[in-house]
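Chain and residue survey
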Amino acid sequence: MKKTFFYVLLTMVLLLAGCASGKNNNAKTSGPSDSDKLKVVLLIPGTLGDKSFFDAANKGLQKVKEEFGAETKVIEMGADNTKWEPTFNQVASQGWDIIISGGSQVTELLNATAEEHPEKKFINYDTDITETADNVYAVGYAVNEVSFLAGAAAALVSISDMPNANPDKTIGFLGGMDIPGINAFLVGYIEGAKYAVPDIKVAVSYAGVFTDPGKGKELSLLQYNSGVDVVFTAAGGTGLGVFDSAKEKQGYAVGVDSDQGSMIAETDKDKARLILTSAVKKIDEAILSAVIEIEDGTAKMGNHKVVGIEDNGVGIVENDIYNGVVSADIKTKINEIREKLASGEIKVSDAMGMETSEIEKIRESVKP
């Protein structure tokens, strides 16, 4: 009887120990694990370090990491577009929840990959192409509006008594390529410049590449030497050469996509102080907003969303350089123009819907 009681008691003890052990194991596995993390990857159709378009996207990815505690990765695919498709296919077959890339040059590939992987969510953080796959969140920017502001600022600086301005009433534009997405910047820039200074002239050059600062410097030096005192660059990494020639010739420049003046001030303050402002697409905020909407279920997938000045999706940078160099009078005029753009009082033409001949006519109308 005693033996029987002992075995019953021993069995109860072992069962209780097992239950306690089970509870401890459950406690260990009930918390978040790496497998529970949101997994987000960014595919760059180029390389980081442009202090512009691609760096802005990477900044957005970092904000996603901070906001969600997400597992993130950036893949630099390089300039050779024959390598993009295999990279997209490889990444789409992996365990990423959200795949991000951007640029009209990669849109067709991104859409095709998305259609082959309907279980995945994709974000195209910058495209002018309105057609998109059902599982893609696509964003475009009213670059014509922010370029209008940039053009007005450049023209007003050109006729000012600022130290590096000259009396020629001629400003410049350097585009990466003669394509609709870049001409959207150009047309807005010309219209803004003419709004502020009706008889302004605009020298226009295209580099034919977005990754060659040497080419950017060569073309912008020609502009500065011809009498241009402010050059606006919409050329990605190629545009970095504009800032080199601005420093060499002591001219002014306007950056694009990111706060290029503040970025360059980290290594070269003398060069940075000549970058009056930058016309920015708020790509980092657009990426973060897209991920937030996807995660909370409010994202309108399969649509092309355009953000402008009214939405605070684009704007010119008002950093320490802008506030310290640009006169109060010019800043007041720029603020007035911004309000008119936001209210719709000023309408800016959109090069995306223009014929090539019409864009050529606009270029010719301000040719020095």
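Residues numbered from 1 in each chain as written. Predicted model: local features only at pLDDT ≥ 70, side-chain atom pairs only at ≥ 80, totals over all residues. Heavy atoms only, no water.

Right, let's talk about the overall build of the chain for a bit. Tallying secondary structure elements over the chain gives 14 helices and 12 strands in all. Taking 2.2 N^0.38 as the reference for a compact globule, 368 residues should give roughly 21 Å; the C-alpha atoms of the chain span a radius of gyration of 26 Å, well beyond that estimate. Overall size of the chain, expressed as C-alpha extent along the three principal axes, is 115 × 40 × 40 Å. Residues classed as buried in the chain amount to 50% of the 368 residues present. Sequence separation of 24 or more characterises 70% of the internal contacts of the chain that already satisfy a separation of 6 or more. Surface accessibility of the chain: about 17400 Å² in total, with carbon and sulfur atoms responsible for 51%. (Helix = DSSP H or I, 4+ residues; strand = E, 2+ residues; numbered from the N terminus. Rg over C-alpha atoms; globule rule 2.2 N^0.38 Å. Buried < 20%, exposed > 50% of the residue type's maximum accessible area, 1.4 Å probe, protein only. Contact = heavy atoms within 4.5 Å. Areas by Shrake-Rupley, 256 points an atom, 1.4 Å probe, with all protein chains shown as cover.)

This part takes up the packing of helix α2 (residues 53–68) against helix α11 (residues 283–296). It is the contact of α2 with α11, at a shortest axis distance of 7 Å, that shows an interaxial angle of 40°. On the basis of the axis angle, α2 is oblique to α11. Judged by the twist between their axes, the crossing of α2 over α11 is right-handed. Mapping the contact onto sequence places F53, A56, A57, K59, G60, L61, K63, V64, E67 and F68 in α2 and I283, D284, E285, I287, L288, V291, I292 and E295 in α11. (Axes fitted to C-alpha atoms, helices over the stretch in contact; angles between N-to-C directions. Parallel < 35°, antiparallel > 145°, perpendicular 65-115°, else oblique. Left-handed = near helix turned anticlockwise from the far one by under 90°.)

Another aspect to go through is the layout of surface pockets. By volume, the largest pocket amounts to about 740 Å³. Around the largest pocket sit 36 residues that line it, and F53, F54, Q105, I179 and F210 are the ones nearest its centre. Elements represented by at least two residues in the lining of the largest pocket include exactly α2, α4 (104–116) and α6 (180–196). The dominant element in the lining of the largest pocket, judged by the number of residues it contributes, is α6, at four residues. Estimates place the volume of the second largest pocket at around 250 Å³. In terms of lining residues, the second largest pocket is bounded by 15 residues, among which K59, S258, D259, V280 and D284 are the most central. Only α2, β10 (275–281), α11 and β12 (314–316) provide two or more residues apiece to the lining of the second largest pocket. When residues of the lining of the second largest pocket are assigned to their parent elements, the largest contribution, three residues, is made by α2. Considered class by class, the residues forming the lining of the second largest pocket number six nonpolar, two polar and seven charged. (1 Å grid on protein atoms, 1.4 Å probe; cavity = no way out; pocket = protein on both sides within 12 Å on 5 of 7 lines; lining within 4 Å. Points joined across faces, edges and corners; volume = space filled by probe spheres on them. Nonpolar A, V, L, I, M, F, W, Y, C, P; charged D, E, K, R; others polar.)

For the rest of this paragraph, the subject is the sheet that holds strand β11 (residues 304–307). Think of a sheet as strands paired side by side through backbone hydrogen bonds, with each pair either parallel or antiparallel. Spatially, six strands are ordered β2-β1-β3-β4-β5-β11 in an open sheet, and the strand pairing comes out parallel. In the strand order of this sheet, the two ends are held by β2 (71–76) and β11, each with one partner. Looking at each pair of strands side by side, their axes are set apart by 20° on average, direction ignored. Where strand β3 (residues 98–101) lies against strand β4 (residues 121–124), four bridges are found, and the strand directions are parallel. Counted as the bridge partner of S101 is N124 from β4. Set on the sheet, α4 makes contact with β3, β4 and β5 (136–141); between it and β4 the angle comes to about 170°. (Pairing = 2+ DSSP bridges.)

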